[in-house]
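Listed here are the chains, written in short residue letters.
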Amino acid sequence: MHVGVRAEITVPGGASVPLVPVAGVGVRADHTRRGVLTSLMRAQLTEAAERGDVMAALHASETAIYGRFGYGVGTRAQSPVVRGSHAKIHPDMPAEGGVRLLDVEQAVARLPELYQRIGPHRPAMMTRPEEWWHDKIIRRLRTVSSLLVVVHNGPDGDDGYAVYRPKSDSSLDERRLAVSLEVEDMHAGSLAALAGLWRYLLGIDLVGEVRTWARPTDEPVETFLADPRAYRSGDVQDETWQRILDVPRALAARDYGDAEPVVVEIVDPLLDSNSGRYLIGPSAVERTDAAAQLRLGVDVLSMIYFGTYRPSILGAVGRIEVLEAAAPARADRLFGTDRAAWCGTAY
Ligand SMILES: CC(C)(COP(=O)(O)OP(=O)(O)OC[C@H]1O[C@@H](n2cnc3c(N)ncnc32)[C@H](O)[C@@H]1OP(=O)(O)O)[C@@H](O)C(=O)NCCC(=O)NCCS
């Protein structure tokens, strides 16, 4: 198991806190089921918390593993596909700005700065370390000749980009339209920029389908289209699992909706200093001796922290212990967010 270089993660309200992106979790096949992962996780999470990191996050290839270590689903994502042969842009959609393709070295020079400027604007988005750019984008751009980069420019300059790859696709039966576009990375600073990128992708000749991966659950791409059925949203699944390492700092860092405070008891068997009761309200978060109104594990805190799941639902299905009947509705308003949380960075 290795710890990716450190980064920052955006929390609801726009502040950011230190993040440990965790990747490459694995134990030698001849040493599994002897507690090796458990020891590694304990050591890693304890060290990261002592070092001052506030959150750890990972993409889980198996979902059964991480809850026991205090990770919970912090973000969800879907992988929409738009059928190009039917997908005309709706005539009412404004056509603002323009697009241009970058060559490889222009992209290498431009994308990291553009992402940082427009990027971490949703809850759970993260800064992308230089190493990430090198491993995931730059090296591929220099070796995969079919990978293309398009940039959108709006009234204030460049405001979005897409990294995509045309792929011949025999499953698209209309012979004339036997190409799909696979969008590997796409970020836009506004809906107009996102729509501009889609207008470009869907306008490319001979494209049967545009496929995307792990997009935000609230991106309104079907509203860009004349025929909304050209859009298929794909399954919604867990995207990232978050582990809150420093509960007081994490709770204090985010904004809350307008509601009466709730007393929430957090249970964290692994990092015990997080355990305790917190009075959470729009103007302050503080530790308290008052009786708990909601009780939840630190894994479940990640599920509500970014607004991805509603406390009232988790209370109704038993993931949150409800000790005061009115508390879940207040917690819904406190923890709710305007935009769906999304990481948008695979590591
Ligand atoms: C998954 C993996 C890291 C687990 O390592 P490990 O050292 O065997 O794990 P541990 O012995 O510490 O097991 C801890 C607990 O998790 C459970 N567990 C481990 N792997 C599991 C899995 N794949 N599915 C469900 N439960 C699992 C164990 O049963 C154990 O439960 P218990 O505490 O109730 O007994 C290891 O099997 C591995 O490297 N697999 C291949 C790579 C992989 O799948 N990595 C995950 C990437 S997200």
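Residues numbered from 1 in each chain as written. Predicted model: local features only at pLDDT ≥ 70, side-chain atom pairs only at ≥ 80, totals over all residues. Heavy atoms only, no water.

A. Region of the structure containing the sheet that holds strand β18 (residues 321-322). Reading across the sheet, the five strands line up as β16-β15-β14-β17-β18 and stay open at both edges, with mixed pairing between neighbours. Each of the sheet's edge strands pairs with one partner strand only, and the pair in question is β16 (285-287) and β18. In terms of strand pairing, strand β14 (residues 262-267) meets strand β17 (residues 294-297) through four bridges, oriented parallel. Bridging from a neighbouring strand, Val264 pairs with Leu294 of β17. In this fold helix α6 (residues 298-305) packs onto β14 and β17, with an angle of close to 105° to the strand it touches most, β17. Sitting on the sheet, helix α8 (residues 327-335) touches β14, β15 (276-280), β17 and β18, and the angle it makes with β14 is about 85°. (Pairing = 2+ DSSP bridges. Helix = DSSP H or I, 4+ residues; strand = E, 2+ residues; numbered from the N terminus. Contact = heavy atoms within 4.5 Å. Axes fitted to C-alpha atoms, helices over the stretch in contact; angles between N-to-C directions.)

B. Highlighting the site of the ligand. As a structural note, the neighbourhood of the ligand is formed by 16 residues, with Val27, Arg33, Gly35, Thr38 and Arg68 the closest of them. In this structure, an oxygen atom belonging to the ligand sits 3.5 Å away from a main-chain N or O atom of Val36. The separation between an oxygen atom of the ligand and a polar side-chain atom of Arg68 is 2.9 Å. Across the complex, the protein chains shield 67% of the 890 Å² of accessible surface that the ligand would expose by itself. Most atoms of the ligand, that is more than half of them, are within 2 Å of grid points of the largest pocket. Residue composition of the shell around the ligand, grouped by class: seven nonpolar, five polar and four charged. (Near = heavy atom within 4 Å. Polar contact = N/O pair within 3.5 Å; in protein donor to acceptor, adjacent residues only side chain to side chain. Areas by Shrake-Rupley, 256 points an atom, 1.4 Å probe, with all protein chains shown as cover. 1 Å grid on protein atoms, 1.4 Å probe; cavity = no way out; pocket = protein on both sides within 12 Å on 5 of 7 lines; lining within 4 Å. Sits in = over half its atoms within 2 Å of the grid points. Nonpolar A, V, L, I, M, F, W, Y, C, P; charged D, E, K, R; others polar.)

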